Amino acid sequence: MKSHRKILMALPLLFLLTLHTLASSGYGNWSDTRHSSACIGCVLVVSMIEQLTQVHNSTVQISMERLCSYLPEKLFLKTTCYLVVHIFGPDIVKLFRADMNADVVCHTLKFCKQDPGQPLCHLYPLPKEAWTFTLEKARQIVKKSPALKYSRSGSDICSLPFLAKICQKIKLATQNSMPFSDADSDKYSDFPTLRGFHWRGRDCNDSNKMAYPGRRPDNWDSYQDSNCNGIWGVDPKDGIPYEKKFCEGSQPRGVILLGDSAGAHFHIPPDWITASQMSLKSFFNLPIALTNELDWPQLSGTTGFLYSTSRIKENSIYLRLRKRNRCNHRDYQNISKNGASSQNLERFIESLSRNQLLDYPAIVIYAMIGNDVCSGHIDPLPAMTTPEKLYSKVMQTLQYLNSHLPNGSHVILYGLPDGRFLWDHLHDRYHPLGQLNKDVTYAHFYSFLNCLQVSPCRSWMSSNKTLRTLTSERAEQLSKTLKKIATSQKFTNFDLFYLDFDFQEITEEWQKKGGQPWQLIEPVDGFHPNEVVSQLLADRFWKKMQHQWPHVLGKENPFNPQIEEVFGDQGGH
């Protein structure tokens, strides 16, 4: 039964996988992250059960089974859910009958706890009766429950012998930002997730480490596609290799993003936690999202190769480069990581793939837009990166790039946004979990995360106006430091530029399209810029390059129509 317990514990944690990812990616200073994740996961799942009961006017038991029925079989999600219901369902039913809310249920089942001398962390309004009285009453209801005998100390699913090795490999893949499946060790993969081709161009030959996206063609790719752009072979009409005919002199280039969770496009779909929107279709992409660390790089504004799912029709920088020159097909790398900052980029920058002698130049975008000022610390100010530390680390990064990028590359440094936008536009709006009963605003949600010390940005997601202002002032100082570097430093293999991350301009552009400012933030986490922002930012980037630095983008390839005629979609993505 202990083995079952380890598997059972995985379900609520899967919904909050981001917390584990962040903890291993630069947020390791959070206290007792695993316990906090279990608490949030429990409150989240129990809330969903309660609201499904309301929406469908059904029993708690039927609502739990309904939730499980929505989950896919992949990753044992459906099976695990039913096991959870079997073990904890009877207690949840009893507690709901006694009118206990999700906070009380999760404290009673010991997924949440209040340490001595620490504040009580709760998402929903406190019960009318005293908390200690309510909790004791709830504990009496389930005091003979067999579920309470299981020790939560064994809750790490990766401690199971048959999962230990696979967990270790997945952990290494996500920590180092390297593909999980890479037979020829060239840093490219023909597998989509686990840092595969959703993150960097698909490997067209995973048994040949000299064949990968972004390299200069081997013998003009007369006999095989060595750079995976789908253009190879010889034109039978004149004997000229297609790569030479269509791509020579066209200035091919790739795009590489060095970013954080915003660049990776962190996203939790609202219908995953909104009972009124939940259906069999809701969780179709859950296995993909979980194996991509809850990131959606295939839709990001920089390296996304799928067309935007938002109501605007802007394309990613990669798709624009590909449209400009079809020889750029598949040449993208998203070296972004949840929790990344200037201070920890060195841990995974070596996953970047570029050979100075064999590969084409690249446009590298450095966009660490939040974590140098954001953390979950009780006192976040001392943890913020200083301008001096930023200068040192960014120079270290640029020196690394200069020793790895082919000559003729370009590097763009992005400044930090003003995150006061979050509180100003969201604090009094209802979070998806609070929309049904009008009981949880973003202010409540932020407070809950802050109490558990797992907020992605306590300093901006706070009711403390002084703290929010100080955070924005530090962000501005760091942006000025980046601009100073861009205007004063020279490198042999790339030129260097700086761009502001002007959220106000993006907001104004969105409002011109009929949108509201609050619609620009991910609704579930209340922190990340959403897909609309990502696409609008890509559009601003493109226009800036066209007007001021057109050489960064390279030439428009006049042979694009011929490439499409001969090679179609060039093997797709």
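Residues numbered from 1 in each chain as written. Predicted model: local features only at pLDDT ≥ 70, side-chain atom pairs only at ≥ 80, totals over all residues. Heavy atoms only, no water.

A. Local environment of unusual backbone geometry. With a phi close to 55 degrees, Ser185 is a non-glycine residue in the positive phi region. Here Ser185 is to be found in the loop between helix 9 (161-176) and helix 10 (242-247). (Helix = DSSP H or I, 4+ residues; strand = E, 2+ residues; numbered from the N terminus.)

B. A look at helix 14 (residues 387-402). Along its 16 residues, helix 14 runs 22 Å from first to last C-alpha, staying within 8% of the 22 Å computed at 1.5 Å per residue. Where helix 14 is concerned, the buried positions are Leu390, Lys393, Val394, Met395, Thr397, Leu398, Tyr400, Leu401 and Asn402. In this structure, the buried residues of helix 14 make contact with strand 1 (254-259), strand 3 (362-367), strand 4 (409-414), helix 17 (465-488) and strand 5 (494-499). (Expected span 1.5 Å × (residues − 1). Buried < 20%, exposed > 50% of the residue type's maximum accessible area, 1.4 Å probe, protein only. Contact = heavy atoms within 4.5 Å.)

C. The arrangement of the UniProt feature "domain: Saposin B-type" (unreviewed entry) in the protein chain in detail. The residues that UniProt annotates with the feature "domain: Saposin B-type" (unreviewed entry) are residues 35-116. With 74% helix and 0% strand, the stretch residues 35-116 has end C-alpha atoms that lie 15 Å from each other. (UniProt positions renumbered as here; feature names shortened; annotations may be inferred.)

D. Local environment of the domain arrangement of the protein chain. On domain assignment, one finds that the protein chain holds domain 1 (3-159) and domain 2 (254-264 + 300-563). One C-alpha centre belongs to domain 1, the other to domain 2; they are set 34 Å apart. Each partner contributes residues to the interface: domain 1 has 25 residues there, and domain 2 has 26 residues. In total, about 2200 Å² of surface goes out of reach between domain 1 and domain 2, with carbon and sulfur atoms giving 65% of it. At the boundary of domain 1 with domain 2, the tally comes to zero salt bridges. One can count three residue pairs in polar contact (both at pLDDT 80 or more) joining domain 1 with domain 2. Every element with two or more residues in the side of domain 1 that touches domain 2 is listed here: helix 3 (17-23) and helix 4 (33-56). Counting residues per element, the side of domain 1 that touches domain 2 draws most heavily on helix 4, at nine residues. Classifying every residue of the side of domain 1 that touches domain 2 gives 15 nonpolar, 10 polar and no charged. (Domains from an automatic or database assignment. Buried area = accessible area lost by both parts, 1.4 Å probe. Salt bridge = Lys/Arg side-chain N within 4 Å of Asp/Glu carboxyl O. Polar contact = N/O pair within 3.5 Å; in protein donor to acceptor, adjacent residues only side chain to side chain. Nonpolar A, V, L, I, M, F, W, Y, C, P; charged D, E, K, R; others polar.)

E. Structural detail: helix 16 (residues 442-452). Within the span of helix 16, buried status applies to Tyr442, Phe445, Tyr446, Phe448, Leu449, Asn450 and Leu452. Just beyond helix 16, the residue with positive phi is Gln453, at close to 60 degrees.

F. Just the sheet that holds strand 1, in detail. In spatial order, the strands read 2-1-3-4-5; together these five strands make up an open sheet with parallel pairing. Across the chains shown, the open sheet's two edge strands, defined by having one partner strand only, are strand 2 (332-336) and strand 5. For this sheet, the mean angle separating the axes of adjacent strands, direction not counted, is 15 degrees. The pairing of strand 1 with strand 3 spans six bridges and is classified as parallel. If you follow Leu258 over to strand 3, its bridge partner there is Tyr366. Against the sheet, helix 19 (residues 531-548) engages strand 3, strand 4 and strand 5, with an angle of about 130 degrees to strand 4. (Pairing = 2+ DSSP bridges. Axes fitted to C-alpha atoms, helices over the stretch in contact; angles between N-to-C directions.)

G. The arrangement of the nonpolar core in detail. Ranked by size, the top nonpolar core spans 145 residues in total, and within it Leu398, Leu401 and Leu413 carry the most contacts. It is helix 4 that contributes the most residues to this core, 11 residues altogether. Each of domain 1 (3-159) and domain 2 (254-264 + 300-563) accounts for three or more of the residues forming this core. Aside from chain neighbours lying at most four places away, what touches Leu413 is Tyr366, Val394, Leu398, Leu482, Ile485, Ala486, Leu496, Phe497, Tyr498 and Leu499. Judged by nonpolar contacts, the second largest core, of seven residues, contains Ile231, Phe246, Cys247 and Ile563. (Core = buried A, V, L, I, M, F, W, Y, C linked by side-chain atoms within 4.5 Å.)

H. Expanded view of the side chain of Thr303. Here Thr303 lies in the loop between helix 12 (286-290) and helix 13 (317-324). Here the side chain of Thr303 touches Asn334 through a polar contact of 3.0 Å, side chain to side chain.

I. The packing of helix 13 against helix 19, seen in detail. The geometry of helix 13 relative to helix 19 is characterised by a closest axis approach of 9 Å and an angle of 45 degrees between their N-to-C directions. In terms of axis orientation, helix 13 runs oblique to helix 19. Contacts from Ile317, Arg320, Leu321 and Arg324 in helix 13 reach Ala538, Asp539, Phe541, Trp542 and Gln546 in helix 19. A class-by-class count of the residues in the contact of helix 13 with helix 19 yields five nonpolar, one polar and three charged. (Parallel < 35°, antiparallel > 145°, perpendicular 65-115°, else oblique.)

J. Structural view of the pairing of strand 2. With respect to burial, strand 2 is a largely interior element, five of its five residues being buried. A two-sided burial pattern is seen for strand 2, the buried positions comprising Tyr332, Asn334 and Ser336 on one face and Gln333 and Ile335 on the other.

K. Seen up close, the layout of surface pockets. Of the voids in this model, the second largest pocket is the one considered here, and its volume is about 690 Å³. In this structure, the second largest pocket is lined by 26 residues; those nearest its centre are Pro270, Gln519, Ile521, Pro523 and Asn530. (1 Å grid on protein atoms, 1.4 Å probe; cavity = no way out; pocket = protein on both sides within 12 Å on 5 of 7 lines; lining within 4 Å. Points joined across faces, edges and corners; volume = space filled by probe spheres on them.)

L. The packing of aromatic side chains, seen in detail. For the structure on display, the rule yields 15 aromatic pairs. Between the aromatic rings of Phe246 and Phe559, the centroid separation amounts to 5.9 Å while the plane-to-plane angle is 40 degrees, which identifies the pairing as tilted. Of the two residues, Phe246 sits in helix 10 while Phe559 sits in the loop between helix 19 and helix 20 (560-567), which places them 313 residues apart along the sequence. Judged by centre distance (4.9 Å) and plane angle (20 degrees), the ring pair of Phe491 and Phe494 falls under stacked. Taking relative accessible area as the criterion, Phe491 reaches 16% and is therefore assigned buried. (Phe/Tyr/Trp six-rings, centres within 6.5 Å; stacked < 30°, edge-to-face > 60°.)

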